[in-house]
Amino acid sequence: MDVKNYYRKVREMEHTLRDEFLLLVSLETPDGGKPGVISEVARALAAKLLVEGRSALASEEQKKAYRHQQTAERKAAEQAKLARTVQVAILSDAEFQARPVRERSGDSHSEK
């Protein structure tokens, strides 16, 4: 393998890529690379993976599916985070008195 030629190809590939971050789809490789995994990588790494034949640029359909999946996972994580937080409501005395007795946590022991 000619190292000079390899790095020249990587630099040329990097100059052809416009975006700072790209979505790549992994290809099956002889060393056990799993095909079909979509990853977002920096331009320099994308150029290296493309020259080595380990990945290909994602199609528009794959990009759309990946973005949709990322949005869904982000929303699920935000909802899980909210579910773990303690929520407190501040009520005025009038609002507290207007609530049914069983909902008043402070009065539950006095009903016995």
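In this report, the structure presented in the accompanying data block is examined. Remember, predicted model here, so these are calculated numbers, not experimental data. Every chain's residues receive numbers from 1 upward, in the order its sequence appears when written. Residues qualify for local features only when their pLDDT is at least 70, as the model is predicted, and side-chain atom pairs are given and counted only at 80 or more; totals for whole chains, interfaces and linings, by contrast, use all residues. Side-chain metrics in this entry use all non-hydrogen atoms of the structure; hydrogen atoms and water are not considered.

### Things to note about the sheet that holds strand β1 (residues 21-26)
The line we're drawing: Pairs of strands are assigned from DSSP output, requiring at least two bridges between the strands. Numbering of helices and strands runs from the N terminus; a helix is a DSSP stretch of H or I covering at least four residues, while a strand is a stretch of E covering at least two. Every angle, taken between N-to-C directions, lies between 0 and 180 degrees, and every axis is a line fitted to C-alpha atoms, over only the stretch in contact when it is a helix. What makes two residues a contact is simply this: any of their non-hydrogen atoms within 4.5 Å.
Within the open sheet, the 3 strands sit side by side as β2-β1-β3. Their pairing is antiparallel. Both outer strands of the open sheet, β2 (38-42) and β3 (55-57), are each paired with one neighbouring strand and no more. When strand polarity is set aside, the average angle formed by the axes of neighbouring strands in this sheet is 45°. As judged from the 5 bridges shared by β1 and β2, these two strands associate in the antiparallel manner. Opposite L22, over in β2, you have V41 as the bridge partner. Lying on the sheet, helix α2 (residues 43-52) is in contact with β1, β2 and β3; it crosses β2 at an angle near 120°.

### Quick look at the side chain of S55
Test applied: Exposure is judged per residue with a 1.4 Å probe applied to protein chains only, and the accessible area is read against the type maximum: over 50% gives exposed, under 20% gives buried, and values in between give partly exposed.
Within the secondary structure, S55 is located in strand β3. For S55, a relative accessible area of 10% corresponds to the buried category. The residues touching S55, leaving out its near neighbours within four places in the chain, are L24, V25, S26, L27, L49 and L50.

### Some remarks on the environment of D31
Cut-off, in case you're wondering: For the purposes of these results, a polar contact is taken to be a pair of N or O atoms within 3.5 Å, where, inside protein, one atom must be able to donate a hydrogen and its partner to accept one; residues adjacent in sequence count only when each atom of the pair is a side-chain atom.
Inspection of the secondary structure assignment puts D31 in the loop between β1 and β2. Judged by its relative accessible area of 55%, D31 is exposed. Distance from D31 to R11, taken between C-alpha atoms, is 25 Å for residues 20 residues apart in sequence. Here the side chain of D31 touches T29 through a polar contact of 2.5 Å, side chain to side chain. Of the polar contacts made by the side chain of D31, one reaches the side chain of R54; its length is 3.3 Å.

### Observations concerning the pattern of salt bridges
Applied cut-off: Salt bridges are defined by distance alone: a side-chain nitrogen of Lys or Arg within 4 Å of a carboxyl oxygen of Asp or Glu.
Per the counting criterion, the structure on display carries 7 salt bridges. For E12, the salt bridge goes to R8, with nearest N and O atoms at 2.9 Å. Residue E12 and its partner R8 are both found in helix α1 (residues 3-16); the two are separated by 4 residues, about one turn of the helix. Among the residues examined, E12 registers a relative accessible area of 42% and is labelled partly exposed. For R8, a relative accessible area of 37% translates into the label partly exposed. The network of salt bridges with shared partners includes D31, K48, E52 and R54.

In short, the description is geometric, and any link to function would need to be established separately.
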